[in-house]
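Spelled out, the chains give:
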Amino acid sequence: MKCEVCLELLEEYIDGELAERESSEVAAHLITCASCASHSAALAAELEMFSHYDRDLEVPKTLWGKIAEQTVTPVVAPVSNSGFASWFAGLFRVPALGFSVATAFALILVAILIGSAYWQTRKFDDSKTAQGTGTAPKAVPAEIKNDRVDLPKVDNATIAVNQKHKSPRPAQVKHSGVDQSDLVSSDIDYQDMEDHDTAVHIEQTQNLLRSIRNVSVNDGEQDIDVTYDKALSRRLLNENIVLRRDAEMKGKVPAKALLSDLEPFLIDIANLPDQARPDEVRAIKERVQKTEIVAALIGY
Amino acid sequence: MKRLALDELNLEAQPGAFAGTLMNSSRDLVTRVCQGDQEAFRLIFERYSRPVIAFIFDMVSDRELAEELTQETFVRAYRGIHGMNPETKLSTWLFGIARNVARESLRARMRASRQVGLEDESVIDLSDNEPVPVDRLLSKELNDLIRRALEALDEDKRLVFTLKVFQQCSYEEIAEITGFSLAKLKSDLHRARAEMRRRIKPYAGVGYEV
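Rules used throughout
- Residues numbered from 1 in each chain as written.
- Chains lettered and ligands numbered in written order.
- Predicted model: local features only at pLDDT ≥ 70, side-chain atom pairs only at ≥ 80, totals over all residues.
- Axes fitted to C-alpha atoms, helices over the stretch in contact; angles between N-to-C directions.
- Helix = DSSP H or I, 4+ residues; strand = E, 2+ residues; numbered from the N terminus.
- Parallel < 35°, antiparallel > 145°, perpendicular 65-115°, else oblique.
- Left-handed = near helix turned anticlockwise from the far one by under 90°.
- Contact = placed C-beta atoms within 7 Å.
- Nonpolar A, V, L, I, M, F, W, Y, C, P; charged D, E, K, R; others polar.
- pLDDT = per-residue confidence, 0-100.
- Expected span 1.5 Å × (residues − 1).
- Buried ≥ 20, exposed ≤ 12 C-beta atoms within 10 Å, placed from the backbone.
- Arc of directions from axis to C-beta.

Asker: How do you make sense of the packing of helix α7 (residues 155-166) of chain B against helix α8 (residues 171-178) of chain B when you look at a structure like this?
Answerer: For any two helices packed against each other, the geometry comes down to the angle between their axes and how far apart the axes lie. Residue and element names in this part refer to chain B. Where α7 contacts α8, the two axes come as close as 10 Å, and the packing angle between them is 140°. Of the possible angle classes, the one that applies to α7 and α8 is oblique. For the pair α7 and α8, the crossing hand works out as right-handed. Every residue of α8 that contacts α7 at L159, V160, L163 and K164 is listed here: I174, I177 and T178. Counted by class, the contact of α7 with α8 contains five nonpolar, one polar and one charged residues.

In structure tokens:
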């Protein structure tokens, strides 16, 4: 086996992913080739180093309780787990429905109380609206009926009347139906949001770079206070990294390229001292001017 | 806490690792959960919560968030376990869910980052670090170094690197978890290794040459 072939296969060899035959060939080559063996040893050492990575992370003891609340009923540790005894006792166990039934009744009662209170409030509001505007209040009960039960039966006239009087009811009608598209965003929604995020980010970065480009720097001057620009740059850098990865993943080549170009500027500004020397600021300023990055941002 | 994956994922190959779960293969546990056995789901949680929280932490780099997302992962797992493909390994399936949960969170966090104040200091700042031989790095320093290097990888590379190097998944399992082709994951893994090396080498200095 040639060294270049061996080196190409080395990672898969170390990962234990090579077929038996290839693996034996690599192993045989490593015995005879000191250079490849050294690479192999270095890779193994690297894995060894990563194996010492300690996140100092424990599973919180309360975590299972939180999960159980949303999934299974929290399991109480059984006092005795002897199979036959518990099976036998189970034959005579009375289902404990009392608490469940009482809870159900209590919930229904609370729901009725809230519902009737709401009903009273609505009736009071509607009668006030009717008195104030002089329109017939007849449409309201029908609509309440729709609001509670039959969503599709809201007629346009009712909606129009309600819109005219700025009643919040139509909005409630709209959201009380089965359509839950507002809960689950589609891919297009996500994409729109991401594009919007990128646009906002680029606009903010553009403003930052403009302010750097336009700063007046004179030799012999005192240090320049860049605390604000530095902090802003740090935030934008964080955003930039996430957006760039996202653009890369989605194959948005122009966005990815532009965001990649931005990163060195943001890093440089973020790493300035709070009181930067004029020559440090000038160096960044000149790079901003020279590379015409602001123009590229405007173009985007 | 070291080597979570090795400790946990290879459990079935280590007879007697957990006396309480000795007789429960992952497949048995899944079957029992589907039959309404709540205790079986708790055993699944005990067995896989550590690798899952470690994996999520590697993806999001935030301790509290990792806990929340682990919770979400297991809640989703419980709700979806009836539809699980019986051919799929439980760990692979759980990592798949964890990956989706982490990914959604990263997107949401990116959007929310606009609301974060300017005093956010989470940017990687390596300016003060001088090269130090690996064996002289204190474990905390080494952990910080690895965490920051990992954080700087792009999402796909971080994903495959974490699954391979820390969670010891096979290429086939990684492909199943991520949906990546074998060629892509090999290429991402190779690049991720190279990037990690490049980022760690200047600070790890001598004794770390590949």
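So that's the structure; there's more coming.
Asker: What should I look at first to understand the confidence of the model for chain B in this one?
Answerer: Caution is warranted with low-pLDDT regions, since their predicted coordinates should not be read in detail. Residues and elements named next belong to chain B. Overall, the predicted model of chain B reaches an average pLDDT of 78, with 72% of residues at or above 70. Mean pLDDT values for the elements of chain B range from 41 in helix α1 (residues 4-8) up to 95 in α7. Note that residues 1-22 has pLDDT below 50 and, in this model, 32 contacts with residues that lie over four places away or in other chains. For residues 205-209, every residue scores under 50 in pLDDT, and the model assigns this stretch 11 contacts once sequence neighbours within four places are set aside. Both confidence scores are given for the complex: pTM 0.50, ipTM 0.74.

Asker: Help me out: how do you make sense of helix α6 (residues 139-152) of chain B in this one?
Answerer: Each α-helix turn comprises 3.6 residues. Residues three or four places apart therefore point the same way. Residue and element names in this part refer to chain B. Given a rise of 1.5 Å per residue, 14 residues ought to cover 20 Å, and the 20 Å separating the end C-alpha atoms of α6 matches this to within 8%. Those residues of α6 not exposed but buried are L142, L145, I146, A149 and L150. Burial along α6 is one-sided: seen end-on, the buried residues are contained in an arc of 125°.

Asker: What is the right way to read the interface of chain B and chain A from this model?
Answerer: Bring the parts together and some accessible area is lost; that lost area is often taken as the interface size. At the interface, 49 residues of chain B touch 44 residues of chain A. Elements that contribute at least two residues to the side of chain B that touches chain A include exactly α3 (38-60), α4 (63-80), α5 (90-112), α6, α7 and α9 (182-204) of chain B. It is α3 of chain B that provides the largest number of residues to the side of chain B that touches chain A, a total of 10 residues. Looking at the side of chain B that touches chain A residue by residue, the class counts come to 20 nonpolar, 11 polar and 18 charged.

Asker: Please explain helix α2 (residues 20-32) of chain A as it appears in this structure.
Answerer: Residues and elements named next belong to chain A. Helix length check: α2, at 13 residues, gives a terminal C-alpha distance of 19 Å against a target of 18 Å (1.5 Å per residue), a fit within 8%. Among the residues making up α2, those that are buried are V26, H29 and L30. Projection of α2 onto a plane perpendicular to its axis shows the buried side chains occupying an angular sector of 100°, all on one side. Looking at α2, the residues exposed on the side facing more than 90 degrees away from the buried face are E20, R21, S24, A28, I31 and T32. Buried-residue contacts for α2 involve α1 (3-14) and α3 (34-51).

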